[in-house]
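# An overview of the molecular structure
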Amino acid sequence: VIALSAEGDDATSAYLDAWEGLGDRMVSLADEELAAGRPWSAASRFERAANYYMTGERMQEIGGRRRTEVYGKMLEAFARVVVHGGEPVSRVEIPCEGGSFPGLFFRAPGAGPRTPVMVQFNGLDSTKEQMWGSPLRTELARRGISLLMVDHPGTGEALRLRGLTAVPESERWGSACIDYLESRDD
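Quantities reported herein were computed from a predicted structural model and do not represent experimental measurements.

### Details of the pattern of salt bridges
Here the structure, examined in full by the defined rule, presents 24 salt bridges. For E33, the salt bridge is made with R38, and the minimal N-O distance between the two is 2.6 Å. Take E33: its relative accessible area is 11%, and that puts it in the buried class. Notably, a salt bridge pairs R107 with D186, separated by 2.9 Å at the nearest N-O pair. A residue pair is termed long-range when its members are at least 10 positions apart, and R107 in the loop between β2 (99-106) and β3 (117-121) and D186 in the segment after α8 (171-182) qualify at 79 residues. Residue classification places R107 among the partly exposed positions, given a relative accessible area of 31%. With relative accessibility at 12%, the residue D186 sits in the buried group. One network of salt bridges, with partners in common, ties together R91, E93, K128, E129, D151, E157 and R162.

Set out below in C-alpha cells:
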C-alpha cells in the first residue's frame, strides 16, 4: 500500500482486492465445510466472508462498479449465514411509501403473539449485517425480546442497491417498521 501511495495511486483498488480475496477464500472454505456436513462451521466462515467483503467495499467511491459487485458478494455470503447458521433469523421486507427496504428479523425463542420487539436502526451508513455482528440480538433474545435490524433509507442495501437516500423525517420509515411488526402474528 505504501508503494502504491508513493506512485500516486490512492490504493483503494488494492485494498478492495485484498479484502475481496480474503472473502473469496472464506467462501471456498465454507463450501468445503458444507460438503463435509458441517453447516454451522460453514455459517461461521460465511459470516467472516461477509465481514471481509464489507470491509473492502466501504472504502470505495460511491457508485463504483466493483463496490456494487463486492457488496453483492457480501449479501450472498450473509444469506448463506441465514440458511446454514441455525439461528432464528429471517430476511424481511418493510413496505414503505410504495416500495420497501430490507431488514433482518431475529425471533426470540418462544416468541408468541405478545413478544416484545426492539427495532435497531443503523447510522453513518452501517448495515444490518454489521448490526448482526453486535451481541445485542443474543442479549435481547435471552430476555425474551426479538430484534428487527433494518437498512432504512440512506443506509446499507436500501441506499446501495435501491437508491433510497436519507430521509430526515425518520418517522416515515420508522413508522413503517412498526406497521410491519404489527402485521406479524409473533
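Read on for the rest.
### Some thoughts on the nonpolar core
Grouped together as the largest cluster of nonpolar side chains are 28 residues, with contacts concentrated most on Y53, M74, F78, F106, W132 and M149. Secondary-structure elements contributing two or more residues to this core are α2 (12-35), α3 (39-58), α4 (65-84), β2, α5 (128-132), α6 (136-142) and β4 (146-150). Sequence-distant contacts of F106, defined by excluding residues within four places in its chain, comprise E87, P88, V89, W132, R137, A141, S146, L147 and M149. Core analysis: the second largest hydrophobic core is formed by 15 residues, I94, F101, F105 and L181 among them.

### Considerations on the sheet that holds β2
One open sheet holds the 4 strands; their spatial order is β1-β2-β4-β3, and the pairing between them is mixed. Strands at the two margins of the open sheet, each flanked by one partner only, are β1 (89-96) and β3. Averaged over neighbouring strand pairs, the angle between their axes works out to 30 degrees when direction is ignored. In the packing of α8 onto the sheet, contacts are made with β1, β2, β3 and β4, and the angle to β1 comes to roughly 120 degrees.

### Examining the packing of α3 against α4
One can describe the packing of α3 onto α4 by two numbers: an axis separation of 8 Å at closest approach and a directional angle of 160 degrees. If you check the angle between α3 and α4, you find them roughly antiparallel. Relative to α4, the crossing made by α3 is left-handed. Packed against α3, whose contacting residues are P39, W40, A43, F46, E47, A49, A50, Y53, M54, E57 and R58, the element α4 presents R67, V70, Y71, K73, M74, A77, F78, R80, V81 and H84 at the interface. When its residues are assigned to classes, the contact of α3 with α4 shows 14 nonpolar, 1 polar and 6 charged.

Definitions and cut-offs
- Residues numbered from 1 in each chain as written.
- Predicted model: local features only at pLDDT ≥ 70, side-chain atom pairs only at ≥ 80, totals over all residues.
- Heavy atoms only, no water.
- Salt bridge = Lys/Arg side-chain N within 4 Å of Asp/Glu carboxyl O.
- Buried < 20%, exposed > 50% of the residue type's maximum accessible area, 1.4 Å probe, protein only.
- Helix = DSSP H or I, 4+ residues; strand = E, 2+ residues; numbered from the N terminus.
- Core = buried A, V, L, I, M, F, W, Y, C linked by side-chain atoms within 4.5 Å.
- Contact = heavy atoms within 4.5 Å.
- Pairing = 2+ DSSP bridges.
- Axes fitted to C-alpha atoms, helices over the stretch in contact; angles between N-to-C directions.
- Parallel < 35°, antiparallel > 145°, perpendicular 65-115°, else oblique.
- Left-handed = near helix turned anticlockwise from the far one by under 90°.
- Nonpolar A, V, L, I, M, F, W, Y, C, P; charged D, E, K, R; others polar.

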